[in-house]
Amino acid sequence: MPALCFTDHMDFDYPGEKKGEFCLDPKPYLTAMKKLREEYDGRIAVRAGVEIGLEVPYQKQITDYIRSSDWDFVIGSIHLAGRLDPYQDSYFEGRDSRQAYLAYFEATWKCLAAFEPAFDVLGHLDYVFRCGDRAVTNAWSEWPDLMDEILKLVVDKGLGLDVNTGGMKKGLVCQHPHDDLLKRYRELGGERITFGSDAHSPEHLGDRFPETGERLKALGFRYYASYRARKPEYYPL
């Protein structure tokens, strides 16, 4: 990989035991990234990004946070629906998995409808399928109208999609978003995609990128974007 962008997490008021764990202070983080950029100059381009959790009540704080620092790349992701994270078992208590999955996509639509595009791409659109009993793993086949509205907002707001391979190490058969969602995004005029492995540990860095690139080409994509100073640079798949 010619470039590597770190995207540590920032979630305002994350609930439960992990409260405060995802509060990222930009100043020391960006200072550390600057040192890495200098250390690896000429070998790999190190870029500094952030993955920020989107919640409608925190829209102003989120937008101010993004605009207050010099990021290379900003992912906007939905980690919470109804103040619950699907990663936690409590998210699924008292409802079947299909209802729980639908609630996540409804929260995604509400966030996209409310937010001005201060971020660059929507992160791991169907992340919720990493969780629960996986009775459903294709949102397009289940809720095509709702997913259409989500994808139209992505396109209309000039955002891109994070093509995220992190779910595959959890046993999913393809990346986030599912092939059918990516195909529909392309049909709606969406072209901007980025690659993310959601690694969390070095052995998963860049996981499944080559085979995912081939899948994307089969779906009609020809280029992927890599961001520097919030500007996309395009490279052939």
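Thresholds, definitions, all that
- Residues numbered from 1 in each chain as written.
- Predicted model: local features only at pLDDT ≥ 70, side-chain atom pairs only at ≥ 80, totals over all residues.
- Heavy atoms only, no water.
- Core = buried A, V, L, I, M, F, W, Y, C linked by side-chain atoms within 4.5 Å.
- Buried < 20%, exposed > 50% of the residue type's maximum accessible area, 1.4 Å probe, protein only.
- Contact = heavy atoms within 4.5 Å.
- Pairing = 2+ DSSP bridges.
- Helix = DSSP H or I, 4+ residues; strand = E, 2+ residues; numbered from the N terminus.
- Axes fitted to C-alpha atoms, helices over the stretch in contact; angles between N-to-C directions.
- Polar contact = N/O pair within 3.5 Å; in protein donor to acceptor, adjacent residues only side chain to side chain.

(A) The arrangement of the nonpolar core in detail. The biggest cluster of nonpolar side chains holds 56 residues, and the ones touching the most others in it are Ile52 and Phe105. Those residues in contact with Ile52 that lie beyond four places of it in its chain are Met10, Phe12, Ile62, Tyr65, Ile66, Val74, Ile75, Gly76 and Ser77.

(B) Molecular detail of the sheet that holds strand β6 (residues 193–196). Strand order in the open sheet formed by 6 strands is β1-β2-β3-β4-β5-β6, with parallel pairing between adjacent strands. The strands lining the two open edges of the sheet, one partner per strand, are β1 (3–10) and β6. The sheet strands contacting helix α2 (residues 59–67) are β1, β2 (45–53) and β3 (73–77), and the helix crosses β2 at an angle near 170°. Of the strands in this sheet, β5 (160–164) and β6 touch helix α7 (residues 209–218), which is tilted by about 160° from β6.

(C) Structural context of the side chain of Asp85. Within the secondary structure, Asp85 is located in the loop between β3 and α3 (97–114). Residue Asp85 is classed as buried on the basis of its relative accessible area, which comes to 8%. Within the local environment of Asp85, its side chain forms a polar contact with the side chain of Tyr14, the two groups lying 2.6 Å apart. Side-chain polar atoms of Asp85 contact the side chain of Tyr127, separated by 2.8 Å. Beyond its immediate chain neighbours, meaning those up to four positions away, Asp85 contacts Tyr14, His79, Leu80, Tyr91 and Tyr127.

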